[in-house]
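Residue-level listing of the chains:
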Amino acid sequence: MRHSPAIPLPPLTRVAVVGAGGPSGLVTVRQLLEAGIPPSKILAYEGRATAGGVWNYAEHPGDIHIQWRKNGTPLLRTDKELEAEGSNGPSAVYDRLRTNLPKEVMAFHEYPFPEDTPQFPWHYQVKHYLQDYAAAKGLNDVIQFQHRVLAVYHTPGTSDPAEKWTVVTENTITRLRHSERVSHVIVSNGHYNEPYIPRVRGLDGFTGKVFHSRWWRNPFQYEGKNVLVVGSKSSGSDIARELAVVDHQKRLKGEKVTRRIYQSIHGLVDPKKPTWDDDLEWAKEINVVSQIDHINGDVLHLIDGQKVTGVDVIFYATGYLFSYPFCHEQEPFASQPVTDALSPAEKEQGIPKAGGKTITNLDPSETFYAPDPTLALINLHYLVNPFPLGEITARLVAYSFAHGEVPPLPALRKASSDPRDINIGYPQEYINMDNWLLAIGEGGETGGPNHGWTRIPDHIREARRDALKTRKKVLGY
């Protein structure tokens, strides 16, 4: 296995953590403390009022405002986001969200979920777990809550590594702004804030309502509405299922159901590869259709030539963009961005630069910013077990920053050989975690020469491998 050479780093004087209250941010602050960095040298910023990040459920996501970019893609924002560019939008968590992974697979190192937590926790139990973790590890005393990061950039006109980065923040209550200079930066703001809706010709003229899954809360808001869900991954399947279960229960009671539920998948419908298992009776309420080609008023034209009419609401469950609005305007990001923006800013319309679908300018481990590895990014990828992967990645970063060197690392193992692939998957995620621990002298069955963490045990890896089968057995879907 080839390793990249070690990268020397300047001494750490102070480190800024962007997005410190979510799962990735909490473990980042914890690992910095574990690496011996005192709280006085950690400037940890979180825009929300409490720990939990995206798991801080909001019952009312706020009204949706749609602006159309020149390239034909919609920008969906709430009032709060219109008032303050880059602020946190509504949580992506919906009323009956449960995890896709068992609790023992999700848990942080030596910090299990409470025993009475069900095998697949509800969203509020995950939030409480994260908040309990923050309190137990003393993180709330380090994190500056209700502080939004407005800008991160190389400090102009200085060669002092202690002042390499300028970080500008705003208190979300007082609106007072403050600037700090630090030697290192860690970005752990997640990627569930800027909704992605693909360009569809005629979508801006659709006569019904257009939403993104970030605004989904429950099926009862759409009683009697013909709904088309775009997407067949976690959120899309949950939305279609919740709608279908309501209608199926009505039919069982002898009630008349007249509305229609559609689920539009990517590409063509293949009868040999059904979207839903035949044994799910409620799934018969869902009409699975091919991808939308274009829209003409209230007529949805599909790529297989079929047409769908009478749709009242389109729900796009098409994911999110990598969004770093604090890394846009100044160097080094003006010339070496961390993501390829899908669309430029349209300042005359008040439309900010779009996020991107890929991540760029990273080292082979896809953790450190290649032009300047005193910047690191945590948990960028998809198809992962995010809590432990983020934790071990944060441990690698904290070790590197504290020891003044990024150790030799192998390239990140991903779901494919495509260098732009943002998916990792199983078992690659565990191979990466093993590699990161070995790189810092830990891992294996004994904790390595540094007598640190041991590898994640096989029974946890097997539970991760079998998670979807177990979930269907336990939850029925």
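Structure report, in brief. (Residues numbered from 1 in each chain as written. Predicted model: local features only at pLDDT ≥ 70, side-chain atom pairs only at ≥ 80, totals over all residues. Heavy atoms only, no water.)

Description of the overall build of the protein chain
Along the backbone of the protein chain there are nine helices and 26 strands. The C-alpha atoms of the protein chain give a radius of gyration of 23 Å, which matches the 23 Å a tight globule of 477 residues would have. The C-alpha extent of the protein chain, read off along each of the three principal axes, is 70 × 55 × 40 Å. Sorting the 477 residues of the protein chain into buried and exposed places 54% on the buried side. Long-range contacts, defined as pairs at least 24 residues apart, comprise 67% of the intrachain contacts of the protein chain with a sequence gap of at least 6. Surface exposure of the protein chain reaches about 21600 Å², of which carbon and sulfur atoms provide 50%. (Helix = DSSP H or I, 4+ residues; strand = E, 2+ residues; numbered from the N terminus. Rg over C-alpha atoms; globule rule 2.2 N^0.38 Å. Buried < 20%, exposed > 50% of the residue type's maximum accessible area, 1.4 Å probe, protein only. Contact = heavy atoms within 4.5 Å. Areas by Shrake-Rupley, 256 points an atom, 1.4 Å probe, with all protein chains shown as cover.)

Some thoughts on the sheet that holds strand β15 (residues 261-264)
Reading across the sheet, the five strands line up as β13-β20-β14-β15-β16 and stay open at both edges, with parallel pairing between neighbours. This sheet does not close on itself; its edge strands, each paired only once, are β13 (209-212) and β16 (286-289). Ignoring which end each strand starts from, the neighbouring axes of this sheet average 20° apart. Bridge count between β15 and β16: four bridges; the pairing is parallel. Pairing of Q263 across the sheet is with V288, part of β16. (Pairing = 2+ DSSP bridges. Axes fitted to C-alpha atoms, helices over the stretch in contact; angles between N-to-C directions.)

Examining the nonpolar core
Grouped together as the largest cluster of nonpolar side chains are 96 residues, with contacts concentrated most on L228, I292, L300, I314, Y316 and F401. Not counting chain neighbours up to four residues away, the residues in contact with I292 comprise V200, L228, V230, S264, L300, H301, L302, I303 and Y316. Formed by 27 residues, the second largest nonpolar core is a distinct cluster that contains L43, V149, V152 and L362. (Core = buried A, V, L, I, M, F, W, Y, C linked by side-chain atoms within 4.5 Å.)

Focus on the pattern of salt bridges
The final tally for this structure, using the stated rule, is 25 salt bridges. One salt bridge connects R181 with E163, and the closest N-O pair in it is separated by 3.1 Å. Note that R181 is positioned in strand β10 (residues 177-182) and E163 in the loop between β8 (147-154) and β9 (165-171), a separation of 18 residues in sequence. Judged by its relative accessible area of 39%, R181 falls in the partly exposed class. Residues E223 and K250 are paired through a salt bridge, measuring 2.7 Å at the closest nitrogen-oxygen approach. With a gap of 27 residues between them, E223 in the loop between β13 and β14 (227-230) and K250 in helix α5 (residues 234-252) connect regions that are remote in the sequence. Using a relative accessible area of 36% as the deciding quantity, one classes E223 as partly exposed. (Salt bridge = Lys/Arg side-chain N within 4 Å of Asp/Glu carboxyl O.)

Remarks on the packing of helix α1 (residues 23-34) against helix α6 (residues 386-403)
Relative to each other, α1 and α6 sit at 35°, their axes nearing to 8 Å. Viewed along their axes, α1 and α6 form a crossing whose handedness is right-handed. Contact residues: P23, V27, T28, Q31, L32 and E34 in α1; F387, G390, E391, A394, R395 and A398 in α6. Among the residues making up the contact of α1 with α6, the classes are represented as six nonpolar, three polar and three charged. (Left-handed = near helix turned anticlockwise from the far one by under 90°. Nonpolar A, V, L, I, M, F, W, Y, C, P; charged D, E, K, R; others polar.)

Topic: α5
Structural remark: α-helix, 3.6 residues per turn; residues separated by three or four positions point the same way. Between its first and last C-alpha, α5 extends 26 Å over 19 residues, near the 27 Å set by a 1.5 Å rise per residue. Regarding α5, the residues found buried are G236, S237, D238, I239, A240, R241, E242, L243, A244, V246, D247 and H248. Once α5 ends, the next one or two residues include G254, with phi positive near 85°. (Expected span 1.5 Å × (residues − 1).)

Thoughts on the side chain of S213
Tracing the backbone shows S213 in the loop between β13 and β14. For S213, the contacting residues outside a window of four places in its chain are S235, I239, F315, Y316, A317 and Y320.

A word on the sheet that holds strand β11 (residues 184-187)
Strand pairs in the sheet, formed through backbone hydrogen bonds, run parallel or antiparallel to each other. Taken in spatial order, the five strands make up an open sheet running β7-β4-β3-β11-β24, and their pairing is parallel. Looking at the sheet topology across the chains shown, the edges are occupied by β7 (143-145) and β24 (375-377). Neighbour-to-neighbour, the strand axes of the sheet open up by a mean angle of 20°, direction not taken into account. Sheet strands touched by α6: β3 (15-18), β11 and β24. Its angle to β11, the strand with the most contacts, is close to 175°.

Describing the environment of R217
Here R217 shows up in the loop between β13 and β14. Sequence separation of R217 and V93 is 124 residues, and the distance between their C-alpha atoms is 7.6 Å. Among residues more than four places away in sequence, those in contact with R217 are Y57, A58, E59, P61, P90, S91, V93, Y94 and D95. Of note is the side chain of R217, whose polar atom sits 3.2 Å from the backbone oxygen of V93. Engagement of the side chain of R217 in a polar contact is seen with the backbone oxygen of R214, the distance being 3.1 Å. (Polar contact = N/O pair within 3.5 Å; in protein donor to acceptor, adjacent residues only side chain to side chain.)

A few points about the packing of aromatic side chains
All told, the structure shown has 19 aromatic pairs when counted by the stated rule. Pairing F108 with Y133 gives two aromatic rings, centres 4.7 Å apart and planes at 50°, and the pair type is tilted. Residue F108 is located in the loop between α3 (103-106) and α4 (123-136), and its partner Y133 is located in helix α4; the two are separated by 25 residues in the primary sequence. The same class applies to F108 as to Y133, namely buried. Summarising the aromatic geometry, the rings of F322 and Y382 are spaced 6.0 Å apart at their centres and angled 65° between planes, so their arrangement reads as edge-to-face. One end of the pair, F322, is in the loop between β21 (320-321) and β22 (339-341); the other, Y382, is in the loop between β24 and α6, with 60 residues separating them in the sequence. Like F322, the residue Y382 is buried in the burial classification. Pairwise contacts between aromatic rings join F108, Y111, F113, Y129, Y133 and F387 into one cluster. Cation over ring: R395 sits above W453, and NZ or CZ is 4.1 Å from the ring centre. (Phe/Tyr/Trp six-rings, centres within 6.5 Å; stacked < 30°, edge-to-face > 60°. Lys NZ or Arg CZ within 6 Å of the ring centre and 35° of its normal.)

Let's talk about the packing of helix α7 (residues 428-439) against helix α8 (residues 458-465)
Running from N to C, α7 and α8 cross one another at 150°; their axes reach a closest spacing of 11 Å. Classed by the angle they form, the pair α7 and α8 counts as roughly antiparallel. Across the interface between the two elements, E429, Y430 and D434 from α7 touch I460, R461 and R464 from α8. (Parallel < 35°, antiparallel > 145°, perpendicular 65-115°, else oblique.)

Quick notes on helix α9 (residues 467-475)
Among all positions of α9, only A467, R471 and L475 are buried. Here the buried residues of α9 occupy an arc of 40° about the axis, which is enough to place them on one side. Set apart from the buried face of α9 by more than 90 degrees, the exposed residues are K469 and K473. Phi turns positive one or two residues past the end of α9, at G476, with a value near 90°. (Arc of directions from axis to C-beta.)

Everything listed here is a matter of coordinates, which is why it stays silent on function.
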